[in-house]
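Residue-level structural notes
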Amino acid sequence: GAVVSQHPSRVICKSGTSVKIECRSLDFQATTMFWYRQFPKQSLMLMATSNEGSKATYEQGVEKDKFLINHASLTLSTLTVTSAHPEDSSFYICSAIEQSYGYTFGSGTRLTVV
Amino acid sequence: AQSVAQPEDQVNVAEGNPLTVKCTYSVSGNPYLFWYVQYPNRGLQFLLKYITGDNLVKGSYGFEAEFNKSQTSFHLKKPSALVSDSALYFCAVRDGGGYSTLTFGKGTMLLVSP
């Protein structure tokens, strides 16, 4: 139990376009999900906390208008990278809290902006 | 504020030898401590956690960790390393006293040689 599915696993997009990443809790309801960004050989940096039915809470320095988060249901949170640029290329990981299993992570999305 | 330090960027060990990956933490309340492993281009996999109780915690794949309150440490150990243990290991902490997010260390690359 406590599986988080993240899609897509890899995406390549052109500079200036937008990309949507989905994070789904498959067998539990997640009122709170987290979005992280990971640079090569570095740790995970929390970008924002996604709350079902309300606005996301962004960490300091994260552009709200660049990284749009929507948590419209108890099983789905989405991260949209708007007007993507090469510096947005990174590995994005979502996470959710399940009552029994604790923090569960998606498999990540490798975004490459060309 | 909470923080995690993983002092080693990389740990090298020969297969069959014991391994230790170090982690120290700082948190204002009671620490909830976690170890995760990450394989290339994948999300994080849970290894073990300490919430309360016995200071020696046993986890997945033969790993264990010892919580040492006086030294504020939570080192990851395994009696006999496998080549397949080679991966990136993250220590994480959260304050158990209330709602807080996970804070990750920078990660330690473990390389097990045949």
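As shown above, the structure is provided for reference.
Residues numbered from 1 in each chain as written. Chains lettered and ligands numbered in written order. Predicted model: local features only at pLDDT ≥ 70, side-chain atom pairs only at ≥ 80, totals over all residues. Heavy atoms only, no water.

With respect to the environment of Lys20(A)
All names here are of chain A.
- Within the element layout of this structure, Lys20 appears in strand 3 (residues 19–25).
- Once the C-alpha coordinates of Lys20 and Leu79 are considered, the two residues, 59 residues apart in sequence, prove to be 5.7 Å apart.
- Dropping the residues within four chain positions of it, Lys20 is found in contact with His7, Pro8, Thr78, Leu79 and Thr80. (Helix = DSSP H or I, 4+ residues; strand = E, 2+ residues; numbered from the N terminus. Contact = heavy atoms within 4.5 Å.)

Remarks on the pairing of strand 8 (residues 76–81) of chain A
All names here are of chain A.
- Extensive coverage of strand 8 is indicated by the burial of six of its six residues.
- Residues Leu76, Thr78 and Thr80 of strand 8 are buried on one face, and the alternating residues Ser77, Leu79 and Val81, pointing to the opposite face, are buried as well.
- Here six bridges tie strand 3 to strand 8, and the two strands are oriented antiparallel to one another. Bridge pairing in strand 8 links Ile21 to Leu79. (Buried < 20%, exposed > 50% of the residue type's maximum accessible area, 1.4 Å probe, protein only. Pairing = 2+ DSSP bridges.)

So, the interface of chain B and chain A
- Counting residues at the interface gives 18 residues for chain B and 19 residues for chain A.
- Carbon and sulfur atoms make up 55% of the surface buried where chain B meets chain A, a total of about 1,400 Å² over both sides.
- Along the contact surface separating chain B from chain A lie zero salt bridges.
- Put simply, chain B and chain A have three residue pairs in polar contact (both at pLDDT 80 or more) between them. (Buried area = accessible area lost by both parts, 1.4 Å probe. Salt bridge = Lys/Arg side-chain N within 4 Å of Asp/Glu carboxyl O. Polar contact = N/O pair within 3.5 Å; in protein donor to acceptor, adjacent residues only side chain to side chain.)

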